[in-house]
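Here is how the chains run, residue by residue.
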Amino acid sequence: MRTQYAIRKLVERALFIKKLTPEIENEINSELTQMGYISDVDYEALELLMAEMDAGRIKLVPSL
């Protein structure tokens, strides 16, 4: 993906569809590995995603 704030864009996609799919999760992990750091914007997006999952508004979809 390699765009500015790529993780935030992936989180936005998960929030939009209300699911964390294995594909989105793998892309987030890949971005974190490639970048080697996390920006404040991406960190805040991940915090929001985790809060939404804890509240039950985002479902974790298992891989098939």
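Residues numbered from 1 in each chain as written. Predicted model: local features only at pLDDT ≥ 70, side-chain atom pairs only at ≥ 80, totals over all residues. Heavy atoms only, no water.

The chain goes by Acetylglutamate kinase in an unreviewed UniProt entry, where it is assigned to Plectonema radiosum NIES-515.

## Brief notes about the overall build of the chain
Along the backbone of the chain there are three helices and two strands. Relative to the globule expectation of 11 Å for 64 residues, the C-alpha radius of gyration of the chain, 11 Å, shows essentially globular dimensions. Relative to its full complement of 64 residues, the chain shows a buried share of 30%. Of the roughly 4500 Å² of accessible surface on the chain, a fraction of 55% belongs to carbon and sulfur atoms. Of the side-chain charges in the chain, 8 are positive and 11 negative, and the distance between the mean point of each set is 7 Å. (Helix = DSSP H or I, 4+ residues; strand = E, 2+ residues; numbered from the N terminus. Rg over C-alpha atoms; globule rule 2.2 N^0.38 Å. Buried < 20%, exposed > 50% of the residue type's maximum accessible area, 1.4 Å probe, protein only. Areas by Shrake-Rupley, 256 points an atom, 1.4 Å probe, with all protein chains shown as cover. Lys, Arg positive; Asp, Glu negative; His and termini not counted. Charge placed at Lys NZ, Arg CZ, Asp CG, Glu CD.)

## Looking at the packing of helix H1 (residues 6–17) against helix H2 (residues 22–35)
As a packed pair, H1 and H2 sit with axes 9 Å apart at the nearest point and diverge in direction by 170 degrees. Relative to H2, the element H1 lies roughly antiparallel. Counted together, Ala-6, Ile-7, Leu-10, Val-11, Arg-13, Ala-14 and Ile-17 of H1 and Ile-24, Glu-27, Ile-28, Glu-31, Leu-32 and Met-35 of H2 form the full contact between these two elements. (Axes fitted to C-alpha atoms, helices over the stretch in contact; angles between N-to-C directions. Parallel < 35°, antiparallel > 145°, perpendicular 65-115°, else oblique. Contact = heavy atoms within 4.5 Å.)

## So, the pattern of salt bridges
One pass over the structure, following the stated rule, counts three salt bridges. Glu-27 is the partner of Arg-13 in a salt bridge, and the nearest nitrogen-oxygen pair spans 3.3 Å. Here Glu-27 lies in helix H2 and Arg-13 lies in helix H1, a separation of 14 residues in the sequence. The class for Arg-13 is partly exposed, based on a relative accessible area of 34%. Judged by relative accessible area, which is 29%, Glu-27 ranks as partly exposed. Glu-52 serves as the salt-bridge partner of Arg-57, at 2.8 Å between the closest nitrogen and oxygen. (Salt bridge = Lys/Arg side-chain N within 4 Å of Asp/Glu carboxyl O.)

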